[in-house]
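Descriptive structure summary
One-letter residues, chain by chain:
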Amino acid sequence: MSDLFAASSPKDSYGAKDIEVLEGLEPVRKRPGMYIGGTDERAFHHLASEILDNSMDEAVAGHASRIEVTLNADSSLTITDNGRGIPVDKHPKHKDKSALEVIFTTLHAGGKFSGKAYQTSGGLHGVGSSVVNALSEWLHVEVARDKQLYRQEFARGLPTTKLKKMGSVNNRRGTTVSFFPDHEIFGKKAKFKPLWLYQMARSKAYLFRGVEIRWACDPELLDKDSKVPAEETIRFPNGLEDFLNASLKEMPIVGGRSFCGVADLPDKAGKVEFAIAWPERGDGFIHSYCNTIPTPQGGTHEQGLRSSLSKGLRAYGDMVGAKKASNITTDDIMDGAAILLSLFIPDPQFQGQTKEKLASAEAAKWVETTIKDHFDHWLSADPSASKALLDEMIYRAEERARKKDEKATARKSATRKLRLPGKLADCARQSANDTEIFLVEGDSAGGSAKQGRNRETQAILPLRGKILNVVSASKDKIRANQEVQDMIQALGCGTGNDFDLSKLRYERIIIMTDADVDGAHIAALLITFFYTQMRGLIEAGHLYLAQPPLYRLVSGTTSAYARDDAHKDELMETLFKGKSKVDVSRFKGLGEMPAAQLKETTMNPQTRTLLRVAIPDARAALGLAEEMDLGENVPHGPDYVAVDSLVDELMGKNAEKRFQFIQDNAAFAQDLDI
Ligand code: TSJ
């Protein structure tokens, strides 16, 4: 750990001079959602993890060994570590301000000033302390550093006291932050949930075996039969392996042993820890992390792991002469596996609306090579256990093939009767299994999409012009509309009373329109069409929106895509902060984007983000519980957009609402024939 720290940190001391001052915190209070991904319960608890992450960083960098998390009787939260203490020296550009005050009162990009080995930077992360401060009714900081105790208090982001010396301390150092989130922002009822915080503390302890976390909760806040203890010293000397055992409890696993380990990445670029087992029954799960930050939407580290496991097992099958091993797919191996994956790298890049996906490209190869190596060893070490695993995966592959055959025969016979539209570029795969169709606005965008697609599983249907506003059109008019006809034919599942979900020819229907007001309008019309004509398709979770970027930002070797102006601004303040020349190009439409970029940003399942269209009432039916449980079953799917308000807004005659919708979705209203 410490050698890594030295290697990636040019400075060994940090001071106020290293902090770049940006701006005050008013924007955070004005648009809290932009900084913490909403103002709901989840965002509320995010405040706690932002603060805790700072102490974790200090621990992971080797400067702290103990963290205390205390939920107080008044529902405020206190987090303490025994690290170096936040620097308190004067900031050169701000005559009267200490580094500490600057950290808590200005928005700053995390990576800029930290000199940390594994900082949790990336937009949401790293700017945490000032954002939490801005969104707290009060926040108190105490720092024990250089044998002195310092204290400063804040309210809603502004200092209410100066940084004061509180006397000397001899054998103690570290940072303590107490805060109370602001009810003006989160609503009167918002309150920390003991279970949520306790699980957060536990998962952090699992993720870094070198830290001890002391949990405490005021007993008054706990139900009599609560699973949460009032006090506990949490420590997992075996890291993720302990986590896996706790998750699997007594469940029997294939081959009777798990695949666990920690390893340095090539060139000591970081390290990866993993704990994997294949339960004999039941579903698998995957929880991945980067620098102890959860990445529920996966990303490049998960990608690397997938390759290593599938390549490793197939190669092993080859070696022992199991011919059928070549039929095993990555999904056969992954679907039933219980996986914990934790990566530590300097300066990770996160992506997605709530930064829940790892985007650092190098991570994929690093993780793949490192784990593949260990996996090969592990497989060779115990041939009888490895044979059990191989046999089980061959069995699963055969089961899958059998089911696919059943589906394929059903679909082929359906296809024969069906005339497919001429404009459709269908996918090669005959069964609906894991296939998708992109409904693309315009012929030129359709062309790029055809080049960028995966022919095996991705079909493209270009739609010309505005499709009919189906809500106000008559039935005959709808049927006469060519674009609508094409769509109905391509999907194969019929409409209205004839709708039959089992005949749907693709697993996912993805609406892909320009990231502008016209695009939003066409997407809304399409959603309305599905809502009125094929509602079952939305209810079963088959309808998605692609998220094409609006901008590309490049500076030197750093490049990124932004989906809107706010996202672009955010990237300028984070990833590109301090970069001298940032080249910003705006895509006028999907058709303008090179096929390779369209593929990378919007189409490739490994790198894109999709929004699933859902009817709020259908959520329960889809089993998408709102409750977050950090320990298990964090939903892995895409984000969701609610459909009913959208349809209502576009419904028939309510012109005012329609106008409002377009205003809300447009920075620049243009001619719209609605
Ligand atoms: F988020 C926060 F700022 F509020 C916060 C930070 C909250 C808590 C509970 C702890 C911390 C924190 C920060 N713990 N430890 C640190 N360490 C530093 O900020 C630090 C100290 C010394 C040096 C150095 O180079 O000398 C560098 C850093 C980043």
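These remarks concern the structure in this document. Just so it is clear, the structure is predicted and the values come from calculations on it, not from any experiment. (Residues numbered from 1 in each chain as written. Predicted model: local features only at pLDDT ≥ 70, side-chain atom pairs only at ≥ 80, totals over all residues. Heavy atoms only, no water.)

1. Considering the overall build of the protein
Going by this rule: Elements are defined by DSSP. Helices are runs of H or I of four residues or more, strands are runs of E of two residues or more, and each kind is numbered from the N terminus. In this description, contact between two residues means that some pair of their heavy atoms is separated by no more than 4.5 Å. Working definition of accessibility: Shrake-Rupley area with a 1.4 Å probe, residue cover restricted to the visible protein chains.
Helix and strand content of the protein: 24 helices and 25 strands. Contacts in the protein between residues at least 24 apart in sequence constitute 71% of all its contacts with a sequence separation of at least 6. In the form shown here, the protein has an accessible surface area of approximately 30200 Å², with 48% of it arising from carbon and sulfur atoms.

2. Let's talk about the pairing of strand S7 (residues 174–181)
Short version of the rule: Categorising residues by exposure relies on relative accessible area from a 1.4 Å probe, with only protein chains included: less than 20% of the type maximum marks a residue as buried, more than 50% marks it as exposed, and the intermediate range marks it as partly exposed. Two strands make a pair as long as DSSP finds a minimum of two bridges between them.
Counting buried positions along S7 gives 8 out of 8 residues, so the element sits mostly inside the fold. Residue alternation in S7 divides its side chains into two sets, Gly174, Thr176, Ser178 and Phe180 and Thr175, Val177, Phe179 and Pro181, and both sets are buried. As paired elements, strand S2 (residues 77–81) and S7 share 5 bridges and run antiparallel to each other. Directly across from threonine 80, in S7, lies its bridge partner threonine 176. With 8 bridges connecting them, strand S3 (residues 136–145) and S7 associate as antiparallel partners. Among the inter-strand pairings, tryptophan 138 is bridged to a residue of S7, identified as phenylalanine 180.

3. Here we look at unusual backbone geometry
Residues other than glycine seldom take positive phi values, yet serine 75 does so here, at roughly 70°. By the element assignment, serine 75 lies in the loop between strand S1 (66–71) and S2. One non-glycine residue, threonine 292, lies in the positive phi region at around 70°. Mapped onto the fold, threonine 292 is located in the loop between strand S12 (285–290) and strand S13 (293–294).

4. Digging into the packing of helix H4 (residues 41–60) against helix H9 (residues 194–207)
Under the convention used in this document: Inter-axis angles, ranging from 0 to 180 degrees, are taken between N-to-C directions of lines fitted to C-alpha atoms, where helices are fitted over the stretch in contact. By definition, any crossing whose near helix is turned counterclockwise from its far helix by less than a right angle is left-handed, and any crossing with a clockwise turn is right-handed.
Following both chains from N to C, one finds H4 and H9 inclined at 35°, their axes separated by 11 Å at the closest point. In the packing of H4 onto H9, the handedness of the crossing is right-handed. In this structure, H4 contributes Glu41, Arg42, His45, Ala48, Ser49, Leu52, Asp53 and Met56 to the contact, and H9 contributes Trp196, Leu197, Met200 and Lys204.

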